[in-house]
Amino acid sequence: MSRFDRIGVLGAGAWGTALANIAARAGRCVKLWGRDPACVAAMTQRRENPRLPGVRLDDRVAATAALDEVAETDAILLVVPAQALRSVATAVATVVTESTPVIAAAKGIERGTRRFMTEVIGECIPRAIPAILSGPSFALDVAHGLPTAVTLAAHDDAVASALAHALGSSTFRPYHSADVRGVEIGGAAKNVLAIAAGIVAGRGLGASAAAALTTRGFAELVRFGRAHGARPETLTGLSGLGDLILTCSTAQSRNFSLGLALGEGSAIDAACARGTLAEGVFTAAVLVAMAADRGVDMPIATAVAGVLDGTLSIDAKGEPWTGVRNHIAKKNLRAMKKGEHAFFYHTGDEKQVVGIVEVIRESYPDPTDPTGIFVAVDVKAVAPFPRPVTLASIKADKRLADMVLARNPRLSVQPVTATEWKIVCQMGDVKDA
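Here the structure is a predicted model, which is why all the values come from computation and not from measurement.

Caption draft 1: Layout of the nonpolar core. Core analysis: the biggest nonpolar cluster contains 43 residues, and Phe224 and Leu287 have the highest contact counts within it. Considering every element that reaches this core, the biggest residue donor is helix α8 (residues 180-202), with 11 residues. Ignoring anything within four residues of it in the chain, the contact list for Leu287 reads Ile109, Ala189, Val192, Phe224, Met298 and Ala301.

Caption draft 2: Layout of the pattern of salt bridges. All told, the structure shown has 15 salt bridges when counted by the stated rule. Residues Glu119 and Arg181 are paired through a salt bridge, measuring 3.2 Å at the closest nitrogen-oxygen approach. Linking Glu119 in helix α5 (residues 117-124) with Arg181 in helix α8, this pair joins segments that are 62 residues apart in sequence. The shortest N-O distance in the salt bridge between Arg387 and Asp429 comes to 3.6 Å. Of this pair, Arg387 sits in strand β11 (residues 375-390) while Asp429 is found in the segment after α19 (418-427), placing the two residues 42 residues apart along the sequence. Residue Arg387 is classed as partly exposed on the basis of its relative accessible area of 45%.

Caption draft 3: Here's a closer look at the packing of α8 against helix α12 (residues 254-263). Direction vectors running N to C along α8 and α12 enclose 40°, while the axes themselves pass 6 Å from each other. On the basis of the axis angle, α8 is oblique to α12. Helix-helix and strand crossings are classified by hand; for α8 and α12 the assignment is right-handed. Packed against α8, whose contacting residues are Asn191, Ala194, Ile195, Ala197, Gly198, Ile199, Ala201 and Gly202, the element α12 presents Asn255, Phe256, Leu258, Gly259, Leu260, Leu262 and Gly263 at the interface. For the contact of α8 with α12, the class distribution of residues is 9 nonpolar, 6 polar and no charged.

Caption draft 4: Molecular detail of the sheet that holds strand β1 (residues 6-10). The mixed open sheet is built from 8 strands, whose spatial order is β3-β2-β1-β4-β5-β6-β7-β8. Pairing within the sheet leaves two strands with one partner each, and these edge strands are β3 (61-64) and β8 (172-177). On average, adjacent strands in this sheet sit at an angle of 25° to one another, irrespective of strand direction. Strand direction decides the pairing type here: strand β7 (residues 148-154) and β8, joined by 6 bridges, are parallel. Counterpart to Ala149 in the pairing with β8 is Arg173.

Caption draft 5: Representation of the packing of aromatic side chains within the structure. Across all of its chains, the model carries 2 aromatic pairs by this definition. Centroid distance Phe343 to Phe385: 6.0 Å. Interplanar angle 80°. Geometry classified as edge-to-face. Residue Phe343 is located in strand β9 (residues 341-346), and its partner Phe385 is located in strand β11; the two are separated by 42 residues in the primary sequence. With a relative accessible area of 8%, Phe343 lands in the buried category. On the numbers, 4.2 Å between centres and 10° between planes, the contact of Phe343 with Trp421 is stacked.

What counts and what doesn't
- Residues numbered from 1 in each chain as written.
- Predicted model: local features only at pLDDT ≥ 70, side-chain atom pairs only at ≥ 80, totals over all residues.
- Heavy atoms only, no water.
- Core = buried A, V, L, I, M, F, W, Y, C linked by side-chain atoms within 4.5 Å.
- Buried < 20%, exposed > 50% of the residue type's maximum accessible area, 1.4 Å probe, protein only.
- Helix = DSSP H or I, 4+ residues; strand = E, 2+ residues; numbered from the N terminus.
- Contact = heavy atoms within 4.5 Å.
- Salt bridge = Lys/Arg side-chain N within 4 Å of Asp/Glu carboxyl O.
- Axes fitted to C-alpha atoms, helices over the stretch in contact; angles between N-to-C directions.
- Parallel < 35°, antiparallel > 145°, perpendicular 65-115°, else oblique.
- Left-handed = near helix turned anticlockwise from the far one by under 90°.
- Nonpolar A, V, L, I, M, F, W, Y, C, P; charged D, E, K, R; others polar.
- Pairing = 2+ DSSP bridges.
- Phe/Tyr/Trp six-rings, centres within 6.5 Å; stacked < 30°, edge-to-face > 60°.

Dropping the structure here:
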C-alpha cells in the first residue's frame, strides 16, 4: 500500500483533470476541486470535463467545490496557473494537515515577488512539504493514456520517490529528484523560449532556424540554471531539455501557439487571446530581470520580453548587436570616462583589434535593449591599426597571458593595463594616440 493513497487535485482545468485521472489509474482515490460549483456538478453528472472532450472522468475521481474535502488527503496537486497559485495556496492553507506534500504543477515564476512555485507554497502553507511536477507533457496526451515521462522533485528525495511511485503507472512515469530548483527553472524558462520558437515558425524562417533557436535557447536555460544552483543532469533531463524540445516544436504548446500568432502578424493582445494561459507571457520579464541580477546573458529571452511589452518589433530589419550584453561588460562600460582611449574590436570569423577610439559620451541606457538593463557609450575613431591584431596573436604572446581578452575572448569591453596597451599598439604598427 502506498503512503499516499488519497490524492487531492486543486484545479479542474484540462491539466488538473488529466492528472486526477492519472492518480486514479495508479489506484488512488482522488478528490478533484473546481472553483465553479456549477461546473463541478456538471462534471459529476456527465463524468466528463468540457476542457477534455471525449475523456471520461475515472470512477475513482470525485469532483468537489469544497476545499476542505481536498485537504483531507495524503498529498495535494496544486494545478492552477503560476500567477494564481498564491491565492489558491492561501485559501487551502488553514485545512492542510502537517507534513502533507503539496505539489505544484505550474511552470512559471511569480511576478512581483520573483518566487518559484515551491517558494510560494512554503510561504503560504508552512506546514506543507513543497514539491514540483514538471516535464514534457500535454494534458490531452496524458488524458488519453499516451506514454509520458516527467520529473517529480522534493527536497527530501525519499518523499519525491514515494510520490512518484504513488502517481506512476504503465503509461505515466514520474522520475524522482531532489533538485527542486532545477526542475522549476526548466519549466519556467522553456515557456519563454517556446514563444521565440513560435515566432520563428510564424515568420516562416525554416527548420534550420528553429533548430538553432532551440539549441541557443537551451544554452540560455543552462546558464540561468547554473547561476541558481541547478544540477546539470536536471537541466539536460526531462524537466529541462526534454520539456524545451516538446514545447518548442508544436502548436499544441500554448506558448508556441502564442509566438506563432505573433510571428504571423497578430497584434500582442490578439495573440495573447489565442495563446490562452501561456505562462511565458508572465514569466518573460521576470526571467530577464533575474538573469540580469546574476549576470546571466539571455538574449533570446530578452528579445521575447521586448516583443511582449511592445518595445521590440518582430518586423524590425536587422538584429541589435548583443555581443557585449553581459554583467561584466555593463560594469566596464559604466566605468569609461569621456576623453579616454580604448581599443576597438571587430568580431567576425576571428576577433581582432582594428584601432583606437575615444569615448565622446559616457554610459547611457542602451537604446536597443528593451529591458533598460544595459548601457552603451559613444566613441569616435582616433587611429586605425595598419595591421589588425588578431586574438590568436594576442594569445600567442606570453606577455599578454593575463590580458582579459586572452582569458575571456567573449568579453569585448574590458580594462587594459598600460603594458598591454603598449604591446598591442606595437603589434598593430601604430603609435599610442
